[in-house]
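Geometric and topological summary
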Amino acid sequence: MAQLQEYKCPCCGGGIHFDSSIQKMKCPYCGTEFELETLKVYDEALREPESAAGGDADWDMAGEEWASGEQQGLRVYHCRSCGAEIVADETLASSKCPYCDNPIVMMGQFSGGLKPDCIIPFKLDREAAKQALRKHCGGKKLLPRIFLEENHIDELKGVYVPVWLFDAEALATIRYRAEKEREWDDDRFRYKETSYYTVLRGGSLTFESVPVDGSGKMDDALMESVEPYDSREAVPFQTAYLAGYLADKYDVDSETSRKRADERIRRSTEEAFRKTVTGYSRVEAEDCGIRLNNAKARYALYPVWLLNTSWNGGKYVFCMNGQTGKLVGDLPMDKGLLNRYRLISGAAAAVLAFAVSALIWLL
Amino acid sequence: MKRTGIRKTTAAVTGTLFSAWALFRAWVLFPAWILFLAWALAVRVGAESPAAGFADRAGVVSPEEERSLSAFLDEVSARHGVDVAAVIVDSLGGQEAGEAADRYYENGGFGTGEERSGMLLLLAVGEGQWHISTEGKPVTGFGEKEVRSAGLAMSGFLSAGDYAGAVRAYAEEADRAFREHGADGSGRGPFPIGRSAAAAAAAGLIVSLFYGGRLKGQLKSVSSKSAASEYAAAGSLKLTRSSESFLYRKQSREAKAQPQRSGGGAPEGTHAFSSGRTHGGGGGSF
């Protein structure tokens with residue numbers, strides 16, 4: 001059985017969770033606040049029984065037998081507060097008991113080599129996420145009116161997404177072909193002179209904490225759309241931060257994620273060096289050699305507010321950066337409204353153009 | 001006796017008076033009348049009232065057609081205040097068609113006002129050439145485009161040997177052009193409704209597509225990042241090598257279009273005749 005960690009209030013025994021507005025642990029029942037440092041010792045003490053209990057999952061085989069392959073990827077957890085059995089994905093690391101709403105942390109997901117190096121705690125709460133979502137949907141002329149009404153905005157979930165952070169020094173040597181043009185004329189001819197140059201640039205550029213999504217369930221484009229994250233606000237990981245939020249451990253390893261980081265780092269390096277070549281009418285890279293030096297990867301958890309919703313046969317996902325508040329998510333389109341706006345704007349422009357041409361003719 | 005003397009005296013006086021009146025009539029009134037007529041004619045000739053005409057020197061048009069064409073040319077001339085004339089000849093006598101047309105125009109005394117505004121069509125049947133010579137206002141009012149139009153209008157008639165039809169087509173083209181934008185080309189033609197409507201429709205279509213695209217774009221906010229420039233450490237760019245070397249140079253040139261120049265330095269699209277007067281127009285062959 002995977003070991004669950006629940007954070008109980010030393011005062012009243014209720015389930016406590018991390019409060020993003022005060023950056024402390026807070027009991028929603030008695031209102032007592034606890035410093036994270038205080039819970040660090042608590043955290044270490046809670047780890048002691050781990051070795052005794054073991055970390056292997058215990059499949060509950062009561063009732064029907066699982067068919068072949070059905071068990072793969074699943075774990076069963078028991079809530080210590082109410083005794084409920086929770087069947088969840090093997091990567092789930094933090095959640096709430098669906099029966100008693102107690103925050104729970106699956107300790108085994110963060111033990112040994114799986115422990116994140118750092119975490120950016122939530123800075124914005126659920127209310128802020130709701131307001132951001134309403135603002136995101138506002139002012140969109142083509143959004144079906146009924147979408148926001150039918151949107152289950154209260155089902156916003158705070159999730160810590162596992163990411164790999166890559167630091168690297170990019171060493172580049174790039175050769176360009178550049179041109180300068182000059183034109184002049186006399187009474188009889190128009191002249192054009194093109195001078196060709198070879199330009200060489202070499203040097204280095206350092207990158208820090210380039211994030212790559214480490215969860216196969218999270219769309220990479222969605223995570224990249226809510227960037228950037230300020231890694232200076234990252235703190236050493238403690239399980240207490242997860243209480244009250246969902247979390248997953250990574251299922252895409254650093255080697256696989258590294259390719260994406262490489263692409264982005266190389267592209268940025270090319271752009272940065274290209275900007276140093278100035279004074280030419282045309283510049284083209286002929287040969288580009290970029291090598292990454294001192295590359296290292298760290299495992300972190302980044303906060304996002306997520307809402308998955310379905311509407312009119314389509315699935316829509318909204319994601320808000322839990323640190324900066326940037327919210328993204330593609331919205332559905334009312335085609336009838338689009339055609340109406342196109343017709344009105346086209347007709348108005350045509351009438352205006354005709355009136356202007358008549359006015360010019362009259363003058 | 002006394003009565004006879006008085007009668008004789010009265011008769012003498014009357015006779016003298018009549019003689020004086022006859023002399024006065026012959027030597028004063030009549031010349032004055034002639035002079036008055038001459039003055040009136042001169043005023044009429046010098047006024048803005050155009051003198052137009054049609055002459056068939058080649059004998060290819062019937063007298064009725066000649067009268068009809070003269071009347072029509074007169075009408076067009078009077079309507080627009082410039083001479084609109086035409087002449088058909090057997091041969092150019094070794095001259096260029098344009099030179100011959102200019103000469104006919106000037107020697108024929110055509111043109112109204114100080115600018116001597118008018119135009120003349122010369123049809124040379126022997127050489128199969130035609131030329132329109134313009135001076136004054138029609139230089140701009142009947143330019144290259146109008147000359148081309150007239151040529152197209154006349155081509156069918158000329159091919160069929162219908163010279164009267166060709167002259168009528170020329171006169172109609174001149175009338176149409178001057179109605180549209182005046183004899184000097186500065187007037188405003190009728191409002192081009194069709195063209196304006198087509199342009200307005202195209203503008204409306206472009207605006208509607210652009211606006212629709214912009215509204216659609218508001219709904220999309222998810223996109224991958226191609227680079228990681230936000231994660232480049234500030235001030236960490238270090239250039240250890242930087243060089244720029246010249247390779248080679250290429251030069252090319254393009255000749256400029258030279259403006260047409262005539263002996264008198266006449267404006268573009270016109271030429272100076274041997275008399276020094278500036279003519280416009282154009283021609284073709286059939």
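Residues numbered from 1 in each chain as written. Chains lettered and ligands numbered in written order. Predicted model: local features only at pLDDT ≥ 70, side-chain atom pairs only at ≥ 80, totals over all residues. Heavy atoms only, no water.

**Side note on the overall build of chain A**
Counting its regular elements, chain A contains seven helices and 16 strands. Counting over 363 residues, chain A shows a buried share of 45%. Put simply, of all contacts in chain A between residues at least 6 apart along the chain, 71% involve residues at least 24 apart. Working note: accessible area of chain A is about 18,300 Å², and carbon and sulfur atoms make up 49% of it. (Helix = DSSP H or I, 4+ residues; strand = E, 2+ residues; numbered from the N terminus. Buried < 20%, exposed > 50% of the residue type's maximum accessible area, 1.4 Å probe, protein only. Contact = heavy atoms within 4.5 Å. Areas by Shrake-Rupley, 256 points an atom, 1.4 Å probe, with all protein chains shown as cover.)

**Points about the overall build of chain B**
Within chain B, the secondary structure is distributed over seven helices and seven strands. Taken from the N to the C terminus, the helices and strands of chain B come in the order α-β-α-β-α-β-β-α-α-α-α-β-β-β. Burial analysis of chain B (286 residues in total) assigns 31% to the buried set. Taking contacts inside chain B between residues at least 6 apart in sequence as the whole, the part at least 24 apart equals 66%. Total accessible area computed for chain B in this model is approximately 17,100 Å², and 57% of it derives from carbon and sulfur atoms.

**Description of the interface of chain B and chain A**
Of the residues lining the interface, 56 residues belong to chain B; the matching set on chain A comes to 73 residues. Of the roughly 5,700 Å² buried between chain B and chain A on both sides combined, carbon and sulfur atoms contribute 57%. Our count for the chain B to chain A interface comes out at three salt bridges. Salt-bridge contacts for Arg201 of chain A lead to Glu244 of chain B; the nearest nitrogen and oxygen are separated by 2.9 Å. Along the contact surface separating chain B from chain A lie 33 residue pairs in polar contact (both at pLDDT 80 or more). (Buried area = accessible area lost by both parts, 1.4 Å probe. Salt bridge = Lys/Arg side-chain N within 4 Å of Asp/Glu carboxyl O. Polar contact = N/O pair within 3.5 Å; in protein donor to acceptor, adjacent residues only side chain to side chain.)

**Details of the pattern of salt bridges**
For the coordinates displayed, the defined rule picks out 27 salt bridges over all chains. A salt bridge links Glu286 of chain A to Arg175 of chain A; its shortest N-O distance comes to 3.5 Å. With Glu286 of chain A in strand E14 (residues 282–311) and Arg175 of chain A in strand E10 (residues 157–185), this residue pair connects regions lying 111 residues apart in the sequence. Salt-bridge contacts for Arg79 of chain B lead to Glu75 of chain B; the nearest nitrogen and oxygen are separated by 2.5 Å. Taken together, the residues Arg79 of chain B and Glu75 of chain B, both in helix H2 (residues 63–80) and four residues apart, mark about one turn of the helix. Salt bridges sharing partners connect three or more residues here, namely Glu75, Arg79, Asp175 and Arg179 of chain B.

**Overview of the confidence of the model for chain B**
All names here are of chain B. In this model, chain B carries a mean pLDDT of 83, and residues with pLDDT of at least 70 account for 85%. For residues 260–267, every residue scores under 50 in pLDDT, and the model assigns this stretch eight contacts once sequence neighbours within four places are set aside. Interface confidence for the predicted complex, expressed as ipTM, amounts to 0.73; the pTM equals 0.59. (pLDDT = per-residue confidence, 0-100.)

**Quick look at the side chain of Ser345 of chain A**
Positionally, Ser345 of chain A belongs in helix H7 (residues 335–362). A residue is classified by how much of its surface remains accessible, and Ser345 of chain A, at 12% relative accessible area, is buried. The contact partners of Ser345 of chain A, leaving out residues within four places of it in the chain, are Val207, Ser208 and Tyr211 of chain B.

**Observations concerning the packing of aromatic side chains**
A complete count under the given rule lists 19 aromatic pairs over all chains for this structure. A ring pair is formed by Phe122 of chain A and Tyr245 of chain A, whose centres lie 4.2 Å apart and whose planes are at 10°; its orientation type is stacked. One end of the pair, Phe122 of chain A, is in the loop between strand E9 (118–119) and helix H3 (126–137); the other, Tyr245 of chain A, is in the loop between strand E12 (235–236) and strand E13 (246–248), with 123 residues separating them in the sequence. Summarising the burial analysis for this pair, Phe122 of chain A and Tyr245 of chain A share the class buried. Aromatic pair Tyr197 of chain A and Phe246 of chain B: ring centres 5.6 Å apart, planes at 70°, arrangement edge-to-face. (Phe/Tyr/Trp six-rings, centres within 6.5 Å; stacked < 30°, edge-to-face > 60°.)

**Focus: the sheet that holds strand E7 (residues 278–285) of chain B**
Residue and element names in this part refer to chain B. A sheet is described by the order of its strands in space; here six strands give the open sequence E1-E2-E3-E4-E7-E6, paired in mixed fashion. Only two strands of the sheet have a single partner each, and these edge strands are strand E1 (54–56) and strand E6 (271–272). Lying on the sheet, helix H5 (residues 144–159) is in contact with strand E3 (118–124), strand E4 (129–135) and E7; it crosses E4 at an angle near 150°. Packed onto the sheet, helix H6 (residues 163–181) meets E1, strand E2 (83–89), E3 and E4 and runs at close to 155° relative to E3. (Pairing = 2+ DSSP bridges. Axes fitted to C-alpha atoms, helices over the stretch in contact; angles between N-to-C directions.)

**Remarks on the environment of Glu173 of chain B**
All names here are of chain B. Here Glu173 lies in helix H6. Using a relative accessible area of 10% as the deciding quantity, one classes Glu173 as buried. For the pair formed by Glu173 and Phe142, sequence separation is 31 residues and the distance between their alpha carbons is 9.4 Å. With residues near it in sequence (within four places) discarded, Glu173 still touches Phe142, Glu146, Ser149, Ala150 and Ala153.

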